[in-house]
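Coordinates in review
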2 protein chains.
Amino acid sequence: MGWIKVVGIGPGNLKDMTIRAREALQECDIVIGYITYIKLVKPLIEGKEILSSGMRKEILRCQDALKPALEGKKVCIISSGDAGIYGMAGLMYEVAAKVGVNVDIEVIPGVSAFSSAASILGAPIMHDFAVISLSDHLTPLNLIEERIEYASKGDFVIALYNPKSKERPDNIIKAQKIMIKYKKGETPVGIVKDASREKQSVVITTLNDMLNHDIDMTTVIIIGNEKTYVEKDRMITPRGYIL
Amino acid sequence: MGWIKVVGIGPGNLKDMTIRAREALQECDIVIGYITYIKLVKPLIEGKEILSSGMRKEILRCQDALKPALEGKKVCIISSGDAGIYGMAGLMYEVAAKVGVNVDIEVIPGVSAFSSAASILGAPIMHDFAVISLSDHLTPLNLIEERIEYASKGDFVIALYNPKSKERPDNIIKAQKIMIKYKKGETPVGIVKDASREKQSVVITTLNDMLNHDIDMTTVIIIGNEKTYVEKDRMITPRGYIL
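Residues numbered from 1 in each chain as written. Chains lettered and ligands numbered in written order. Predicted model: local features only at pLDDT ≥ 70, side-chain atom pairs only at ≥ 80, totals over all residues. Heavy atoms only, no water.

As annotated in an unreviewed UniProt entry, chain A carries the name Precorrin-3B C(17)-methyltransferase and comes from Aceticella autotrophica. Check the Pathway (unreviewed entry) section of the UniProt entry for chain A; it says "Cofactor biosynthesis; adenosylcobalamin biosynthesis." (UniProt positions renumbered as here; feature names shortened; annotations may be inferred.)

Quick look at helix α4 (residues 89–99) of chain A now. Residue and element names in this part refer to chain A. For α4, the buried fraction is high: eight of the eleven residues fall into the buried class. For α4, the full list of buried residues reads Ala 89, Gly 90, Leu 91, Met 92, Tyr 93, Glu 94, Val 95 and Ala 96. A positive backbone phi angle near 85° is found at Gly 100, which sits one or two residues after α4. (Buried < 20%, exposed > 50% of the residue type's maximum accessible area, 1.4 Å probe, protein only. Helix = DSSP H or I, 4+ residues; strand = E, 2+ residues; numbered from the N terminus.)

In this structure the tally under the stated criterion is 28 salt bridges over all chains. One network of salt bridges, in which partners are shared, links Asp 128, Asp 155 and Lys 183 of chain A together with Arg 147 of chain B. (Salt bridge = Lys/Arg side-chain N within 4 Å of Asp/Glu carboxyl O.)

What follows is about the packing of helix α3 (residues 58–70) of chain B against helix α4 (residues 89–99) of chain B. Residue and element names in this part refer to chain B. Between α3 and α4, whose axes approach to 9 Å, the crossing angle comes to 60°. Between α3 and α4, the crossing angle belongs to the class labelled oblique. In the packing of α3 onto α4, the handedness of the crossing is right-handed. On α4, the residues touching Glu 58, Ile 59, Cys 62, Gln 63, Ala 65 and Leu 66 of α3 are Leu 91, Met 92, Val 95, Ala 96 and Val 99. Grouping the constituent residues of the contact of α3 with α4 by class yields nine nonpolar, one polar and one charged. (Axes fitted to C-alpha atoms, helices over the stretch in contact; angles between N-to-C directions. Parallel < 35°, antiparallel > 145°, perpendicular 65-115°, else oblique. Left-handed = near helix turned anticlockwise from the far one by under 90°. Contact = heavy atoms within 4.5 Å. Nonpolar A, V, L, I, M, F, W, Y, C, P; charged D, E, K, R; others polar.)

Let us look at the UniProt feature "domain: Tetrapyrrole methylase" (unreviewed entry) in chain A. Within the UniProt annotation, "domain: Tetrapyrrole methylase" (unreviewed entry) is assigned to residues 6–209 of chain A. Annotated as residues 6–209 of chain A, this span is 36% helix and 23% strand, and its ends, taken at the C-alpha atoms, are 38 Å apart.

It is worth spelling out the relation of the copies chain B and chain A at this point. The second copy of the chain is related to the first by a rotation about an axis and a shift along the axis. Screw-axis analysis of chain B against chain A gives a translation of 0.0 Å along the axis, an RMSD of 0.0 Å, and a rotation angle of 180°. Taken together, the rotation and translation describe the operation of a two-fold axis. Taken as a fraction of all interface residues of chain B, those also at the interface in chain A reach 100%, which identifies the copy contact as same-surface. (Least-squares fit on C-alpha atoms with pLDDT ≥ 70 in both.)

Right, here's the structure in full:
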């Protein structure tokens, strides 16, 4: 029997991958993924059949997984971070249903980029939090803005994905404007680029000052809640213990 | 030089642990943790010095980590799931600062319980989401209620931690009452108990019906957004692709 495993490979470094994910990659016949992610797992998939493709080919990748799986092959389709957080898990189920085939699909969770970024910053999450993508490629901008508004009103720690790209330089500016209506300007903000990858870079700044730093598509931004503070270059959100 | 690593051991099954976490446990001299979590990693820490303690001894565990680390020992303090999400990461930094010692602290991220629960349910998250703990042990109940209200208004997928205990049987009832003001009663709800552990159990139900199921402290509940649906026993939130 063939199968498809939608594998969250973690944020980048192979050490941040789970053992279950590694075993799936070792066990399978075919690995399908976005070219950047294929490169990240290269050392683990030598000798396998590899189907890599570019940005916005997500539907194609899912379609490509179906035929070999139905023919009895073991297929891994990979996502960076967690496959279930802005990843390939849902789309794989949707494409299989649309095509109308019965195939064994399993999702293997992984460490998400926000989780990795948080660990590098110290402990900025710790408490209730909201994760919002600023990409309006698949989501209307007004819904994104509304979510930033509600997450700010509720004093959630906020993690922002896909904060800025060449086509969307302004969404992060809009987001900052909304957040600063409800959160103090001095609220700590962590900006982590390429978390857990070779080019990783880290900045701790404030909500006031966050737009003065380098931000792109591989950046995750974490904005603290009312109680978040910075001490010795670590961003910390208290859980509420009295020491 | 001694160190402290705050290790997210993942949701339960050792296969859902990252390689970095496993290496830290193998490398260290002392493992400190809540007794249930120590049991989960037992096969990996044979022969190590182990300090296990009960519930609500979190501050003590962090204090216990300091002395040996300052004496040059390698100490792992473990959290289930991700150490930075309702885990030990923040408290470890806070206790070290309070005691006023300079010790090397590193956080090792892991797969969080909500991530594991999501992978078991299918792909219920996929899009913008909020994570909220219903425990009012360290957080005022009115703030928890406010956050549920805002997360519901913003149509976030919502993951609830610590939904119910003997001392707090009513918070989940209050949460459901708030959510149903803004989300349809037919909104899919996934209830996963002991995700990735031996006794794992899974229910997919609706917001209307969720209170008629077994819920306790080791349960994670995931409530869909407006677009979440159930197909072939999988809970799926579309990312927005047009198929």
